[in-house]
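# Analysis of the macromolecular model
This is what each chain is made of:
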Amino acid sequence: KVFLLNRHGVTHSIGPSQVNYKANIWALKSLGCTHILASTAVGSLRENIKPGDLIFPDQLIDFTKTRQYTFFDKEKIVHTPMSEPFCSKIITELSKLADELNMDYHLNKTVVTIEGPRFSTKAESNMFRSLGADIINMSTSPEAALAREQKIHYSAIGMATDYDCWKEDEESVSWDQI
């Protein structure tokens, strides 16, 4: 069985900081989901990751501030290992499939998740680049950690939509595109 869940609502009316990530992960776990393949639009923080490319990240930097990060904050405290936030087996299978379909993709990349809904400033974008982030989004955290807490294999498929705002010779997201 496959279950589809639109984390931002059917009409994209739920902002990234208002998504109830805990409820979504709990619902998927309750339905018997053992694996989550999360799609995400991302900004590229690297020249070689071009708009339209797929990215299967293997690491995560969390720059969110207001989200609920754990199921274990009341009666029981659980320290969840996060050294490998994404499932390597899913990434391997995604890579094989992308190869079969002759699609451009990138492995061994780091996603930084920001609060949103606003986009980064140039200073922030350059800071994330200097920290080693390759792509940027607004939804991977705390989703990955919550899935890990529920023992659900989690991976993300990112599609680069733009170069965030760091790249001076490319147009960044503007009012006209919103």
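Check the entry above for the structure.
So, here is what we can say about the structure in this document.

Cut-offs applied
- Residue indices begin from 1 for each chain and proceed along its sequence in written order.
- With pLDDT at 70 or above as the cut-off, local features in this predicted model cover only qualifying residues; side-chain atom pairs require 80 or more to be listed or tallied, and sums for whole chains, interfaces and linings still use all residues.
- Note that water and hydrogens are dropped before the side-chain values are worked out from all heavy atoms of the structure.
- Under the DSSP-based scheme used, a helix requires at least four consecutive residues in state H or I and a strand at least two consecutive residues in state E, with every element numbered from the N terminus.
- The size measure is the radius of gyration over C-alpha atoms, and the globule rule it meets is 2.2 Å times the number of residues to the 0.38 power.
- Between buried and exposed lies partly exposed: a residue is buried under 20% and exposed over 50% of the maximum accessible area for its type, with that area taken using a 1.4 Å probe on protein chains only.
- Any two residues whose heavy atoms approach within 4.5 Å at even a single point are treated as in contact.
- Shrake-Rupley sampling with a 1.4 Å probe provides the accessible areas, and residues are treated as covered by the protein chains on show and by no other component.
- Charged residues are defined narrowly, with Lys and Arg counted positive, Asp and Glu counted negative, and His plus the chain ends left uncounted.
- In plain terms, the charge of a residue is placed at NZ if it is Lys, CZ if Arg, CG if Asp and CD if Glu.
- Strands were regarded as paired on the criterion that DSSP finds at least two bridges between them.
- Residues belong to a common nonpolar core when they are buried Ala, Val, Leu, Ile, Met, Phe, Trp, Tyr or Cys residues joined through side-chain atoms within 4.5 Å.
- In the sections that follow, a salt bridge refers to a side-chain nitrogen of Lys or Arg positioned within 4 Å of a carboxyl oxygen of Asp or Glu.

## A word on the overall build of the chain
A tally of regular secondary structure across the chain gives 4 helices and 7 strands. A compact globule built from 178 residues should have a C-alpha radius of gyration of about 16 Å, and the chain, at 16 Å, falls within 12% of that. Its C-alpha atoms give the chain principal-axis dimensions of roughly 50 × 40 × 35 Å. Each of the 178 residues in the chain was classed as buried or not, and the buried ones make up 44%. For the chain, long-range pairs separated by at least 24 residues make up 85% of all intrachain contacts whose partners lie at least 6 apart in sequence. Accessible area for the chain stands at about 10,500 Å²; split by element, carbon and sulfur atoms hold 56% of it. With 19 positive and 23 negative side-chain charges, the chain shows a spacing of 8 Å between the two charge centroids.

## Some words on the pairing of strand β1 (residues 35–44)
As paired strands, β1 and strand β7 (residues 153–162) are joined by 9 bridges and run parallel to one another. Bridging from a neighbouring strand, V42 pairs with A160 of β7. Note that β1 and strand β6 (residues 135–137) share 2 bridges and pair antiparallel. Each residue of the ladder has a partner; that of S44, found in β6, is I135.

## Description of helix α4 (residues 140–149)
Structurally, the α-helix is built with 3.6 residues per turn, so residues lying three or four positions apart point the same way. The element α4 is extensively covered by neighbouring structure, given that 9 of its 10 residues are classed as buried. Residues of α4 that are buried: T140, S141, P142, E143, A144, A145, L146, A147 and E149. Contacts made by the buried residues of α4 are with α1 (21–30), β1, β3 (59–63), β5 (110–114), β6 and β7.

## Quick notes on the environment of G52
Position of G52 relative to the elements: it lies in the loop between β1 and β2 (54–56). For G52, a relative accessible area of 42% gives the class partly exposed. Note: C-alpha distance between G52 and N102 (50 residues apart in sequence) is 13 Å. Not counting residues within four places of it along the chain, the set of residues in contact with G52 comprises M159 and A160.

## A look at unusual backbone geometry
Glycine aside, residues mostly have negative phi, and peptide bonds are mostly found in the trans state. The peptide bond linking G116 to P117 adopts the cis configuration, its omega dihedral lying at 5°. The phi angle at K151 is positive, at roughly 60°, despite the residue not being glycine. One can find K151 in the loop between α4 and β7.

## Digging into the nonpolar core
What tends to happen in soluble globular proteins is that the nonpolar side chains get buried as a cluster. Ranked by internal contacts, the top residues of the largest apolar core, which has 28 residues, are I25, I36 and Y154. Residue assignment for this core shows that the elements contributing at least two residues are α1, β1, β2, α2 (88–100), α4 and β7. No other element matches α2, which puts 4 residues into this core. With 9 residues, the next largest nonpolar core counts F128, A133, I136 and Y163 among its residues.

## Notes on the pattern of salt bridges
Following the criterion strictly, the structure yields 9 salt bridges and no others. Residue R46 pairs with D134 through a salt bridge whose shortest N-O separation is 3.2 Å. Taken together, the residues span a long stretch of sequence, with R46 in the loop between β1 and β2 and D134 in the loop between α3 (122–130) and β6 at a distance of 88 residues. A relative accessible area of 8% places D134 in the buried class.

## Considering the pairing of β5
In the case of a regular strand, side chains alternate between the two sheet surfaces. Across the 5 residues of β5, 5 count as buried, placing the element largely inside the fold. Where burial is concerned, the two faces of β5 agree: the one with T110, V112 and I114 and the one with V111 and T113 are both buried. With 5 bridges connecting them, β3 and β5 associate as parallel partners. Residue pairing for β5: Q59 is matched across the bridge by T110. Summarising the sheet, β5 and β6 pair through 3 bridges and their orientation is parallel. Bridge pairing in β6 links V112 to I136.

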